[in-house]
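Residues per chain are reported as follows:
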Amino acid sequence: MSSAIRHDTPVPTRGDSGFWGSDVIAEVLRTLDIPYIALNPGASYRWLHDSLVNYLGNRAPQMLLCLHDETAVSIAQGYAKVTDKMMAAALHANVGLLHASMPIFDAWCDRMPVLILGATGPWDAAKRRPWIDWIHTCSDQGGLVRDFTKWDNQPGSVPAAVEALLRAAQIAQTAPRGPVYVNLDSAVQDARLDELPQLPEVARYAAPAAEPSHEALARAAALLSGARNPLMLAGRVSRSLDAWNARVQLAEKLNMRVLSQIKVGAAFPTDHPLHAAPPANRPPAEVRALIASSDVIVSLDWLDLGGTLKQALGDKPVGAKVIQVSCDLHSHRGGTFDYHVLAPADVQLLCEPDAAVPRLLAACAPRRGEAPPKLSVVAKSEAPAGGLTLSLLAENLRSAIAGKTVCFTRLPLGWNGAYTHFRHPLDYIGYDGGAGVGSGPGITVGAALALRGSGRLAIGLHGDGDFLMGNTAVWTATHYRIACLMIVCNNRSFFNDERHQERIAIERGRPPQNRWIGQHIGEPDVDIAAMARSMGAIGIGPIEKPEEIGTALRLGVEAVEQGKVCVIDARVAPGYDAE
């Protein structure tokens, strides 16, 4: 696969065209090393758009045109999930921001840095065009997303805009990371300048790295060294291979069992003898028993540590000593409850896991003994036999990618963690964070953009609801030649909600057979393959017969290896293989 994406090249600009406030903003984006800016165009930032094209030449950052505002932010999130680095998204006025509020919330919950540029105005009412400038101007536009952004600002001058962008980049990339929003008034963008101001040295405004205290580190090492039955909960961590190897070495040194989550990216090799059970959405009984029996638990930014302990122990007190390695308590606001259940902690290491694990590895004494056995967790499927199931799809997918290096950018609800092994931090990048619907295609495209030239194939397995809401990301992928494979696990239903309706009906003594009403996506079925073809991708399907899925998957993988975008409509039987 080629590492280059399509570049829409502008004609050269005259040298006497002058300088404008938006040129300075564009130049700051370049100095911040922002590689791309995904956008759905809008008049509120037409001056910045001009500077990106005619001042920067549509390079560093290069614009990525999206057909929906949500896609722009999801692409930026997907890029960050692979690279641990920030790219930008631009949103038009209040309407674009309202459209994109869901993926902004996703990035917030996922702790992913995204620089979101917006625009408004004119703030000066005397300069507003009739009708349109009035309805697209808010008195507090950042307030629309303030509960799930780390910081927002509306600078009132060009120098203030420079400072705002530097501060936004610093805050977004300081742990715990997250999205930030800078709203650019039209007057700031359109300010005529005699010359370009000298820009600050970006390196002097870099995001700081948190380090664990020596005292807390010593207490944590003593607890782990003396533990009888220690447990590592490997949660939100980076995509660094060195950090991955350090986690493995720490577990091996302490002969410590490990659990990971399917909701977040790969954190530990799932086929390692110390990885106790397949990553899951909810812990099965065997995993809950393991947690309950552990005497020392080290949480590496585990998602919802308090909730997990409550699932394992119920209302019983937590007897284990808990070591929490996370900066997450710095990030929360009162408007959303993504901080989850308050977890007890005997030692708090206020840093990212990457900073703590190598130090723990050096400080801990080794624990001897036989490797503890893996838990026996039986996979159960709700799907009726005889049709195309998730398990059959998984079996054929393993065959299609055998010997190839892939990155799973999304797995569908109900996917059993035993179906895929993760042996590298880029084997799987996790869910979207906010548990909405529609982010998967955009995240897949953003991840594929970041993976270009790596030899790693981007493969997203999406639910049909997720794909149908976010499908226009396919056009962006085909236009810019961002190779990826999207496998739509199409059960023709918002099936998760069918299960909810079934439970409610049973609880109330009503017919559960009615669970499909208001949930089923059929009559007519959506032709997903045709939808993909209409946007320039290869569309395969619908595939309904088990004997046909292997060929379809091989063709899809071959298409991505040739640098193409492919979408497979796999008509899977309703039913989950895991909680």
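Up top is the structure these notes are about.
A quick note: this is a predicted structure, and the numbers were derived from the prediction, not measured.

Caption draft 1: Quick peek at the overall build of the protein. A tally of helices and strands in the protein yields 20 helices and 18 strands. For the protein, whose C-alpha radius of gyration is 25 Å, the value lies close to the compact-globule estimate of 25 Å for 579 residues. The dimensions of the protein, computed from C-alpha atoms along their principal axes, are 75 × 65 × 50 Å. Classification of the 579 residues of the protein by burial places 55% in the buried group. Within the protein, contacts between residues separated by at least 24 positions form 81% of all contacts whose residues are at least 6 apart in sequence. Between the mean site of the 54 positive side-chain charges and the mean site of the 59 negative ones, the protein shows a separation of 4 Å.

Caption draft 2: Representation of the nonpolar core within the structure. If you look at the biggest cluster of nonpolar residues, it comprises 70 residues, and the most contacted ones within it are Leu349, Phe408 and Leu461. Residues contacting Leu461, with those up to four places away along its chain left out, are Leu393, Leu397, Phe408, Arg410, Leu411, Pro412, Trp415, Ile487 and Cys489. Within the second largest apolar cluster, 51 residues are counted, among which are Ala107, Trp108, Leu451 and Phe467.

Caption draft 3: Inspection of the layout of surface pockets at higher detail. Estimated volume of the second largest pocket: approximately 650 Å³. As for the second largest pocket, its lining consists of 33 residues, of which Asp84, Arg177, Val237, Ser238 and Glu352 are closest to the centre. The biggest single contributor to the lining of the second largest pocket is helix α13 (residues 353-363), with three residues.

Caption draft 4: The packing of aromatic side chains, seen in detail. Using the criterion set out here, one finds six aromatic pairs in the structure. Summarising the aromatic geometry, the rings of Tyr36 and Tyr79 are spaced 6.1 Å apart at their centres and angled 75° between planes, so their arrangement reads as edge-to-face. Of the two residues, Tyr36 sits in strand β2 (residues 36-39) while Tyr79 sits in helix α3 (residues 69-83), which places them 43 residues apart along the sequence. Neither Tyr36 nor Tyr79 differs from the other in exposure class; each is buried. Residues Phe422 and Tyr428 carry aromatic rings whose centres are separated by 4.9 Å and whose planes lie at 15° to one another, so their mutual orientation is stacked. Neither residue differs from the other here; Phe422 and Tyr428 are each classed as buried. The lysine or arginine in question, Arg111, covers the ring of Trp108, its NZ or CZ lying 5.6 Å from the ring centre. Here the guanidinium or amino end of Arg128 rests over the ring plane of Trp134, the centre of that ring lying 4.7 Å away.

Caption draft 5: Looking closely at the pattern of salt bridges. The full count for this structure, using the stated rule, is 24 salt bridges. A salt bridge links Arg236 to Asp328, with the nearest nitrogen and oxygen atoms 3.3 Å apart. Of this pair, Arg236 sits in the loop between β9 (230-234) and α10 (241-254) while Asp328 is found in the loop between β12 (321-325) and β13 (347-349), placing the two residues 92 residues apart along the sequence. Since its relative accessible area comes to 14%, Arg236 is described here as buried. The closest approach of N and O atoms between Arg515 and Glu498, which form a salt bridge, is 3.0 Å. On the criterion of sequence distance, the pair formed by Arg515 in the loop between α18 (495-507) and α19 (528-534) and Glu498 in helix α18 is long-range, its members being 17 residues apart. Beyond isolated ion pairs, a larger network of salt bridges with shared partners links Arg111, Arg236, Asp301, Asp328 and Asp338.

Caption draft 6: The pairing of β9, seen in detail. For β9, a buried count of five out of five residues is recorded, marking the element as mostly surrounded by other parts of the structure. Where burial is concerned, the two faces of β9 agree: the one with Pro230, Met232 and Ala234 and the one with Leu231 and Leu233 are both buried. Inspection of the sheet shows β9 paired to strand β11 (residues 296-300) by five bridges, in the parallel sense. The partner of Leu231 across the bridge, within β11, is Ile297. Two strands pair when backbone bridges link them, and β9 and strand β10 (residues 257-260) are joined in this way by four bridges, in the parallel orientation. The residue bridging Leu231 from the neighbouring strand is Arg257, located in β10.

Caption draft 7: Quick peek at the sheet that holds strand β3 (residues 62-65). If you trace the six strands from one edge of the open sheet to the other, you get β3-β2-β4-β5-β7-β6, paired in parallel fashion. Edge positions in the sheet fall to β3 and β6 (151-153), since each of these pairs with one other strand and no more. Each neighbouring strand pair of the sheet contributes to a mean axis angle of 20°, computed without reference to strand direction. Inspection of the sheet shows β6 paired to strand β7 (residues 179-185) by three bridges, in the parallel sense. From the neighbouring strand, Trp151 faces β7, where its bridge partner is Val180.

The rules behind each value
- Residues numbered from 1 in each chain as written.
- Predicted model: local features only at pLDDT ≥ 70, side-chain atom pairs only at ≥ 80, totals over all residues.
- Heavy atoms only, no water.
- Helix = DSSP H or I, 4+ residues; strand = E, 2+ residues; numbered from the N terminus.
- Rg over C-alpha atoms; globule rule 2.2 N^0.38 Å.
- Buried < 20%, exposed > 50% of the residue type's maximum accessible area, 1.4 Å probe, protein only.
- Contact = heavy atoms within 4.5 Å.
- Lys, Arg positive; Asp, Glu negative; His and termini not counted.
- Charge placed at Lys NZ, Arg CZ, Asp CG, Glu CD.
- Core = buried A, V, L, I, M, F, W, Y, C linked by side-chain atoms within 4.5 Å.
- 1 Å grid on protein atoms, 1.4 Å probe; cavity = no way out; pocket = protein on both sides within 12 Å on 5 of 7 lines; lining within 4 Å.
- Points joined across faces, edges and corners; volume = space filled by probe spheres on them.
- Phe/Tyr/Trp six-rings, centres within 6.5 Å; stacked < 30°, edge-to-face > 60°.
- Lys NZ or Arg CZ within 6 Å of the ring centre and 35° of its normal.
- Salt bridge = Lys/Arg side-chain N within 4 Å of Asp/Glu carboxyl O.
- Pairing = 2+ DSSP bridges.
- Axes fitted to C-alpha atoms, helices over the stretch in contact; angles between N-to-C directions.

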